Amino acid sequence: MEEQFILRVPPAVAERIERLLNDSASSSEDKSLDLLFSEDGRTGTFVIGSDRFSASLLDLPTVVESYKTYDDNVLIKTADIGQMIMVREEGDGVPEAVEYRHGLTPPMRDARRRRFRREPDLNPEVVGRVEKDLQNIMAGGTAENTDILLSR
């Protein structure tokens, strides 16, 4: 299984990367491409040529599937991508959260809030009591504090 991620870069950097990949190595002024992460594993530096850009590893709000084809007919799923490396220019701010709020496309803008159900507010005591009752029932016993109603 392959390991994959999304690399999101500013437009000027994207042009330089495309030139580096398409042109012969001798004609490009950007001969090196590197990505270095700090000890926390979430922040780092993206280096292209002699320029350095700050980068962050962010979790995507949903899993993105990646496909590959060998014959332009059959698609083969190669990976589930859950993270994105975002390269920023000097003026851009550092993301505060480890999760990117928006997906990769405009319809997924603020996806967590708009598309997914909120987590319910649960009382930990109630959850613990229900777990205990469920374990008692699975062991062949009965739940505590229950009323049995017989109807005719």
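About the thresholds
Residues numbered from 1 in each chain as written. Predicted model: local features only at pLDDT ≥ 70, side-chain atom pairs only at ≥ 80, totals over all residues. Heavy atoms only, no water. UniProt positions renumbered as here; feature names shortened; annotations may be inferred. Helix = DSSP H or I, 4+ residues; strand = E, 2+ residues; numbered from the N terminus. Rg over C-alpha atoms; globule rule 2.2 N^0.38 Å. Buried < 20%, exposed > 50% of the residue type's maximum accessible area, 1.4 Å probe, protein only. Contact = heavy atoms within 4.5 Å. Areas by Shrake-Rupley, 256 points an atom, 1.4 Å probe, with all protein chains shown as cover. Lys, Arg positive; Asp, Glu negative; His and termini not counted. Charge placed at Lys NZ, Arg CZ, Asp CG, Glu CD. Patch = residues over 30% accessible without salt bridge, like charges linked within 9 Å, V, L, I, M, F, W, Y side chains within 5 Å. Salt bridge = Lys/Arg side-chain N within 4 Å of Asp/Glu carboxyl O.

Labelled according to an unreviewed UniProt entry, the protein chain appears under the name Transcription initiation factor TFIID subunit, originating from Sesamum angolense. We quote the UniProt Subcellular location (unreviewed entry) comment for the protein chain here in full: "Nucleus". One UniProt comment on the protein chain, placed under Sequence similarities (unreviewed entry), says "Belongs to the TAF7 family."

A.B. asks: Help me get a handle on the overall build of the protein chain, residues and values and all.
C.D. replies: Across its full length, the protein chain holds three helices and five strands. N-terminal to C-terminal, the α/β element order of the protein chain is β-α-β-β-β-β-α-α. Taken over the C-alpha trace, the protein chain has a radius of gyration of 25 Å; the compact-globule value for 152 residues is 15 Å, which it surpasses by more than 25%. Summarising its shape, the C-alpha atoms of the protein chain cover approximately 90 × 45 × 30 Å along the three principal directions. Relative to its full complement of 152 residues, the protein chain shows a buried share of 23%. Look at the contacts in the protein chain between residues 6 or more apart in sequence, and 48% of them connect residues 24 or more apart. About 12,000 Å² of surface is accessible on the protein chain, with carbon and sulfur atoms providing 51% of the total. Distance from the positive charge centre (20 side chains) to the negative charge centre (29 side chains) of the protein chain: 6 Å.

A.B. asks: Could you give me a rundown of a nonpolar patch on the surface, with the residues and numbers involved?
C.D. replies: On the surface, a cluster of nonpolar side chains totalling about 330 Å² of accessible area is made up of Tyr70, Val74 and Ile76. One can find Tyr70 in the loop between strand E4 (51-69) and strand E5 (75-88).

A.B. asks: Let's hear about the pattern of salt bridges: which residues, and what values?
C.D. replies: Any two side chains of opposite charge can pair if their charged atoms end up close together. This model, assessed by the stated rule, comprises four salt bridges. A salt bridge links Asp51 to Arg16; its shortest N-O distance comes to 2.6 Å. In this pair, Asp51 is assigned in strand E4 and Arg16 in helix H1 (residues 11-22), connecting sequence segments 35 residues apart. The class of Asp51 is partly exposed, set by a relative accessible area of 32%. Residue Arg42 is joined to Asp59 by a salt bridge in which the shortest nitrogen-to-oxygen separation is 3.2 Å. Of this pair, Arg42 sits in the loop between strand E2 (33-37) and strand E3 (43-48) while Asp59 sits in strand E4, placing them 17 residues apart in sequence. Classification of Asp59 by relative accessible area gives partly exposed; the value is 22%. One network of salt bridges, in which partners are shared, links Glu65, Lys77 and Asp80.

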